[in-house]
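Listed here are the chains, written in short residue letters.
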Amino acid sequence: MFSIRPSSSTMAADLHVFATPHSEAPENVPDATALLSQALEGLSVDEREHAYEDVNGVPRVVSETHALIQSSINALQSNLMAINEKPAFNQACRQDATFCCNPAFCLMFLRSESFDCKRAAERMV
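## Remarks on the nonpolar core
Alright, step 1. Counting 17 residues, the largest nonpolar core has Leu-76, Leu-80, Leu-110 and Met-124 as the members making the most contacts within it.
Alright, step 2. At the level of elements, helix H4 (66-82), helix H7 (103-112) and helix H8 (117-124) are the ones that each hand at least two residues to this core.
Alright, step 3. Sorting elements by how many residues they give to this core places H7 first, with 5 residues.
Alright, step 4. With residues near it in sequence (within four places) discarded, Leu-110 still touches Ser-72, Ile-73, Leu-76, Phe-115, Asp-116, Cys-117 and Ala-120.

## Brief notes about the pattern of salt bridges
Alright, step 1. Applying the stated criterion to the full structure yields 3 salt bridges.
Alright, step 2. In this structure, Glu-64 engages Arg-111 in a salt bridge whose closest nitrogen and oxygen atoms are separated by 2.8 Å. Of this pair, Glu-64 sits in the loop between helix H3 (45-56) and H4 while Arg-111 sits in helix H7, and the two are 47 residues apart along the sequence.
Alright, step 3. As a salt-bridge pair, Glu-113 and Arg-123 come within 2.6 Å of each other at their nearest N and O atoms. A residue pair is termed long-range when its members are at least 10 positions apart, and Glu-113 in the loop between H7 and H8 and Arg-123 in helix H8 qualify at 10 residues.
Alright, step 4. Linked by salt bridges that have partners in common, Glu-113, Arg-119 and Arg-123 make up one network.

## So, the packing of aromatic side chains
Alright, step 1. If you walk through the whole model with that rule in mind, you get 2 aromatic pairs.
Alright, step 2. With a centroid separation of 5.1 Å and 70° between ring planes, the pair formed by Phe-105 and Phe-109 is classed as edge-to-face. Of the two residues, Phe-105 and Phe-109 are both situated in helix H7; the distance of 4 residues between them amounts to about one turn of the helix.
Alright, step 3. An aromatic cluster is built from Phe-99, Phe-105 and Phe-109, whose rings are joined through pairwise contacts.

## Thoughts on the side chain of Ser-72
Alright, step 1. Within the secondary structure layout, Ser-72 lies in helix H4.
Alright, step 2. By relative accessible area, which is 4% here, Ser-72 ends up buried.
Alright, step 3. Among all residues touching Ser-72, those that are not within four sequence positions of it are Leu-110, Phe-115 and Cys-117.

## A word on the layout of surface pockets
Alright, step 1. Looking at the largest pocket, its volume works out to about 170 Å³.
Alright, step 2. Residue lining of the largest pocket: His-50, Glu-53, Asp-54, Val-58, Pro-59, Arg-60, Ser-112, Glu-113, Ser-114, Asp-116 and Arg-119, and that is the complete set.
Alright, step 3. Looking at which element gives the most residues to the lining of the largest pocket, the answer is H3, with 3 residues.
Alright, step 4. The class makeup of the residues in the lining of the largest pocket is 2 nonpolar, 3 polar and 6 charged.

Conventions we followed
- Residues numbered from 1 in each chain as written.
- Predicted model: local features only at pLDDT ≥ 70, side-chain atom pairs only at ≥ 80, totals over all residues.
- Heavy atoms only, no water.
- Core = buried A, V, L, I, M, F, W, Y, C linked by side-chain atoms within 4.5 Å.
- Buried < 20%, exposed > 50% of the residue type's maximum accessible area, 1.4 Å probe, protein only.
- Helix = DSSP H or I, 4+ residues; strand = E, 2+ residues; numbered from the N terminus.
- Contact = heavy atoms within 4.5 Å.
- Salt bridge = Lys/Arg side-chain N within 4 Å of Asp/Glu carboxyl O.
- Phe/Tyr/Trp six-rings, centres within 6.5 Å; stacked < 30°, edge-to-face > 60°.
- 1 Å grid on protein atoms, 1.4 Å probe; cavity = no way out; pocket = protein on both sides within 12 Å on 5 of 7 lines; lining within 4 Å.
- Points joined across faces, edges and corners; volume = space filled by probe spheres on them.
- Nonpolar A, V, L, I, M, F, W, Y, C, P; charged D, E, K, R; others polar.

These values are about where atoms sit, not about what they do.
Written out as structure tokens, the structure reads:
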């Protein structure tokens, strides 16, 4: 048995390719950092903060009060009624209406969307 080993000069050339930064990019290709910076400048402070949280995996902490939970569940129900096309949700309600209207069930969707009632309703259907 034998093995083919590249010469040391070939290995050195290959290592040089990986060690050298690729700054020879064409001039018409924008820098990724500049693109990201430009995109973030167009966002509001809240949108920028939300983007940073999403990228870094930081969950938004919502202080859950009894009043917030009640008002959010009511708003979720209103948003659900406003959605016309919801065949899977309607079928689930026909099979077990108590489950679909259960506050604990609705609360799971509200928490997953940081109490954004419209997005929670869209997720449910």
